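Tertiary structure, described
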Amino acid sequence: ILNVEQSPQSLHVQEGDSTNFTCSFPSSNFYALHWYRWETAKSPEALFVMTLNGDEKKKGRISATLNTKEGYSYLYIKGSQPEDSATYLCALTEGANNLFFGTGTRLTVIP
Amino acid sequence: DTEVTQTPKHLVMGMTNKKSLKCEQHMGHRAMYWYKQKAKKPPELMFVYSYEKLSINESVPSRFSPECPNSSLLNLHLHALQPEDSALYLCASSETGANYGYTFGSGTRLTVV
C-alpha cells in the first residue's frame with residue numbers, strides 16, 4: 001500500500017478564480033500518477049495519467065504537473081466554474097495494476 | 001460503448017445472506033478491479049483481475065469472493081458480511097499497464113443490516 005497525500009482536504013473558491021491543489025507521494029516507488037474527478041452521484045472520471053518527471057498535461061482549463069524526484073504533483077484549474085465542483089483524486093501505481101488513491105480534495109465553486 | 005455498468009445500484013442485505021455484485025464492460029479492457037469506498041475515505045483496492053486471472057488480492061477477508069467468468073464480466077460474491085462492510089463498491093476496468101486511466105462504474109451502495 002502506498003501513502004498518497006492530498007492537500008487541502010477541501011476548498012471553496014469563487015466562480016472565475018483560479019485554484020490549485022497538491023498530491024504528495026513517496027518518490028522511491030513511483031511508476032505512474034493518475035488524476036481523477038469525482039462528481040457527486042457519478043463515476044470517477046480519469047483526467048490525466050503522467051509517468052515522466054517534468055510531465056505537464058492539459059485538458060481545457062485543467063492542467064497538471066509532475067515532479068517525481070521530490071514526489072509531488074499539482075493540479076491547476078483556471079477560471080473555476082460551478083461545474084468544476086467535485087472531489088479531485090490523485091492515485092499512484094508502482095507498476096503492477098494496483099492503483100492507490102489519496103484522500104482527495106473536495107472543491108466547491110461558488111457562483 | 002465506453003461505460004462500466006454495475007448492478008445493482010443499491011443493495012441491503014442481512015448478515016446471513018448471500019448476494020452478488022455484477023460489473024460489465026465492453027471496451028475490450030483486459031484488467032478489471034474491485035474497490036471499496038467508505039465515507040470520507042479514498043477508494044481502497046480489493047482485487048485485480050488481469051486477463052481473467054486474479055493477480056492481486058489486497059488481503060481481503062474470504063467473505064468477499066471475486067469471480068471473472070469472461071473478459072467482459074466481473075462479479076463479487078458476498079456471504080456472511082458484517083455491518084462494517086457497508087460501503088460503496090466500485091468496479092473499474094483499464095488496458096493492462098500502468099499508463100492507462102481507469103474507467104469506473106457508478107458503484108453499488110451496500111448496506112449490511
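Above this text you will find the structure in question.
Report follows, based on the coordinates. Just so you know, the residues in each chain are numbered from 1, in the order the chain's sequence is written. Chains and ligands are labelled by the order in which they are written, letters from A for the one and numbers from 1 for the other. Given that the model is predicted, a residue must reach a pLDDT of at least 70 before its local features are reported, and side-chain atom pairs must reach 80 or more before they are shown or counted; all residues, however, enter totals for whole chains, interfaces and linings. Only hydrogens and water are set aside when side-chain values are computed; all heavy atoms of the structure are taken into account.

**Topic: the pattern of salt bridges**
What counts as a salt bridge is simple: a side-chain nitrogen of Lys or Arg found within 4 Å of a carboxyl oxygen of Asp or Glu. What the rule picks out here adds up to 7 salt bridges over all chains. Across the salt bridge formed by Asp84(A) and Arg61(A), the nearest N and O atoms sit 2.8 Å from each other. Here the residue Asp84(A) occupies a position in the loop between strand 8 (72-77) and strand 9 (86-93), and Arg61(A) occupies one in the loop between strand 6 (56-59) and strand 7 (62-67), the gap between them amounting to 23 residues. The residue Arg63(B) makes a salt bridge to Asp85(B) at a minimum N-O spacing of 2.7 Å. You can see Arg63(B) sitting in the loop between strand 6 (53-57) and strand 7 (64-70) and its partner Asp85(B) sitting in the loop between strand 8 (73-79) and strand 9 (87-94), a full 22 residues away along the chain. Look at Arg63(B) and you get partly exposed, because its relative accessible area is 25%. Here the residues in one salt-bridge network are Arg37(A), Glu45(A) and Lys59(A), joined through shared partners. Helix and strand definitions follow DSSP, with helices as H or I runs of at least four residues and strands as E runs of at least two, each counted in order from the N terminus. Exposure classes here rest on a 1.4 Å probe applied to the protein chains alone. A residue is buried below 20% of its type maximum, exposed above 50%, and partly exposed in between.

**A word on the sheet that holds strand 3 (residues 19-24) of chain A**
All names here are of chain A. If DSSP finds at least two bridges between two strands, the strands pair. On the basis of which strands lie adjacent, the open sheet formed by 5 strands has the order 1-3-8-7-6 and antiparallel pairing. Only two strands of the sheet have a single partner each, and these edge strands are strand 1 (5-7) and strand 6. On average, adjacent strands in this sheet sit at an angle of 15° to one another, irrespective of strand direction. As judged from the 4 bridges shared by strand 6 and strand 7, these two strands associate in the antiparallel manner. Opposite Lys58, over in strand 7, you have Ser63 as the bridge partner. Working convention: axes come from line fits to C-alpha atoms, limited for helices to the stretch in contact. Angles between N-to-C directions cover 0 to 180 degrees.

**Quick look at the side chain of Gln6(A)**
All names here are of chain A. Tracing the backbone through its elements, the reader meets Gln6 in strand 1. Counting of polar contacts relies on pairs of N or O atoms within 3.5 Å, with two restrictions inside protein: one atom must be capable of donating a hydrogen and the other of accepting it, and residues adjacent in sequence are counted only when both atoms are side-chain atoms. Only 2.9 Å separates the side chain of Gln6 from the backbone oxygen of Tyr88, close enough to count as a polar contact. A distance of 3.0 Å separates a polar side-chain atom of Gln6 from the backbone nitrogen of Cys90. We call two residues in contact whenever any of their non-hydrogen atoms come within 4.5 Å of each other. The residues touching Gln6, leaving out its near neighbours within four places in the chain, are Thr22, Cys23, Trp35, Tyr88, Leu89, Cys90, Gly102, Thr103, Gly104 and Thr105.

These results come straight from atomic positions and should not be treated as a statement about function.
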